[in-house]
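Chain by chain, the residues run as shown.
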Amino acid sequence: MRTFGRTGKLQVAESASLSKPPENKKDTELSIDHVEKGGDGRTSQHLECVCYGLGPFSSCVSARFQLAMLLLLLDAGQIPPKDCSVYDPAFTSGERDVLKELGLTVLTENEEGKRSATKPTLFYLMHCGKALYNNLLWKNWSTQRLPLMIIIGNSFNGMRDRAIEREFKRDYRYISQAVDVCEERALPCPSRLIDVFSDTAVITFPSSSLNKLPQSTWTEPHEPQYQHCPDLEIIQREALS
Ligand SMILES: C[S@@+](CC[C@H](N)C(=O)[O-])C[C@H]1O[C@@H](n2cnc3c(N)ncnc32)[C@H](O)[C@@H]1O
C-alpha cells in the first residue's frame, strides 16, 4: 500500500480541518478545540469515527486510497483505531481480517447508516449512495445531534445540483433540508486522484444555522422508506438475508 509522509498527512488533515480551525470557527461546533489533545492545556473532547461504504479495497484501487486517507485522518485527529467502526457489505472476509489487523472495529451488522451520534463523531462515507447519507441524517435529525457530526463524503450541494428537484425532495428529504443549513468545505482533489476523491467535502452543521429553521422541521422525523427509488444505491438489511 502507498505510504504518505508527514507533509502528506498534514495536507490531508488541514484539508479536513482536523488540524486547522475553519475560518468561521466560532460558528462551527467541531473544530480543533474538539479534537486536539495535550500540549496547550486545553481539554479535548474525544472524537469517534464511523466509516461506511469504503468498498472492496483489495480489488479496488480507489477504495485503497480512501482507506489510506482514513488512516491518516485517524492519525491527524488522534482517534485510536479501535474507536473507528467500519462497515461495507462488500468486504470479503480477508478484507475484514486486514481491517481488524489495523486495529479498526469491524461491524458485523448492516446499520443502513442509521447510527446515532451520541458524541462528536467523524463519519467517513466516500462516494456512497444518497440513501446512506439520508438515513444517517434522519437518525440524528435534531438540533442537538447534528452539530455532533462531521461528515467527510459527497458534497450535498453536488447531490442537489445533479438531481431532479422534485425527486430529490421526495426521496432524500433529510439531505434536501440539510443542504441549506450545513457548512461544506470542498476537499482539494489532485487531478490524478479524481476517481478517488472527486466531489468530496467536509460537512458540518453549525447550531446557529440549524436554529434558524422553523421548529416544525424537527418534529416527528419519519424513517425514510424509498419505495419510489428504482436506483437505490444502498444494500438494505432485508436484501442480505
Ligand atoms: C459507489 S460504492 C463506493 C466504493 C468506494 N468508496 C469508492 O469510492 O470506490 C458504494 C459502496 O457503498 C457500499 N454500501 C452499500 N450499502 C451499504 C450499507 N448499508 N452500509 C455500508 N456500506 C454500504 C457498497 O457495498 C459500496 O462498496
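Residues numbered from 1 in each chain as written. Predicted model: local features only at pLDDT ≥ 70, side-chain atom pairs only at ≥ 80, totals over all residues.

As a reminder of what qualifies: UniProt positions are given in the numbering used here, feature names are shortened, and annotations may be inferred rather than shown by experiment.
The name an unreviewed UniProt entry gives the chain is SRR1-like protein, with Scomber scombrus as the organism. We quote the UniProt Sequence similarities (unreviewed entry) comment for the chain here in full: "Belongs to the SRR1 family."

1. Some remarks on the overall build of the chain
Applied cut-off: Only DSSP runs of H or I with at least four residues qualify as helices, and only runs of E with at least two residues qualify as strands; both kinds are numbered from the N terminus onward. Put simply, a residue is buried when 20 or more other C-beta atoms lie within 10 Å of its own C-beta and exposed when 12 or fewer do; between those, it is partly exposed, and each C-beta is set from the backbone.
A count of helices and strands for the chain gives eleven helices and seven strands. By the burial criterion, 36% of the 241 residues in the chain qualify as buried.

2. What to know about the pairing of strand β1 (residues 48–52)
The following threshold applies: Strands are treated as partners if at least two bridges between them are detected by DSSP. Throughout, right-handed denotes a crossover for which the path from the first strand over the helix to the second runs clockwise when the strands point away from the viewer.
Counting buried positions over the five residues of β1 gives five, a clear majority of the element. Neither face of β1 is open: one carries Glu-48, Val-50 and Tyr-52, the other Cys-49 and Cys-51, and all of them are buried. Looking at chain direction, β1 and strand β2 (residues 84–87) are connected through four bridges and run parallel. Bridged to Val-50 within β2 is Ser-85. Considered for its hand, the β-α-β crossover made up of β1, helix α3 (residues 61–76) and β2 is right-handed.

3. Remarks on the pairing of strand β4 (residues 121–125)
Most of β4 is tucked away, with five of its five residues classed as buried. Of the two faces of β4, the one holding Thr-121, Phe-123 and Leu-125 and the one holding Leu-122 and Tyr-124 are both buried throughout. The sheet contact formed by β1 and β4 spans four bridges and is parallel. Bridge pairing in β4 links Glu-48 to Thr-121.

4. Focus: the confidence of the model for the chain
The condition that has to hold: Along the chain, pLDDT gives the predictor's confidence residue by residue, from 0 to 100. Contact between two residues is assigned whenever their backbone-derived C-beta positions fall within 7 Å.
Residue-level pLDDT values for the chain average 85, and 80% of them are 70 or greater. The low-confidence segment residues 1–15, where pLDDT is below 50, has 21 contacts with residues more than four positions distant or belonging to other chains. A low-confidence stretch, residues 19–43 stays under pLDDT 50, and its non-local contacts, those more than four residues away or across chains, total 41 contacts.

5. Concerning unusual backbone geometry
Comment: phi is negative for the bulk of residues other than glycine, and the bulk of peptide bonds are trans. The phi angle at Glu-112 is positive, at roughly 55°, despite the residue not being glycine. Mapped onto the fold, Glu-112 is located in the loop between β3 (105–106) and β4. At His-127, a position not held by glycine, the phi torsion is positive, near 55°. Inspection of the secondary structure puts His-127 in the loop between β4 and α5 (130–139).

6. What about the nonpolar core?
Short version of the rule: Under the definition applied here, buried Ala, Val, Leu, Ile, Met, Phe, Trp, Tyr and Cys residues are grouped into a nonpolar core through C-beta atoms within 7 Å.
The biggest cluster of nonpolar side chains holds 50 residues, and the ones touching the most others in it are Cys-49, Cys-51, Phe-123, Tyr-124 and Leu-125. Every element with two or more residues in this core is listed here: β1, α3, β2, β4, α5, β5 (149–154), α8 (173–178) and β7 (200–204). Per element, the largest residue contribution to this core is eight residues, and it comes from α3. The residues touching Cys-51, leaving out its near neighbours within four places in the chain, are Leu-70, Cys-84, Val-86 and Tyr-124.

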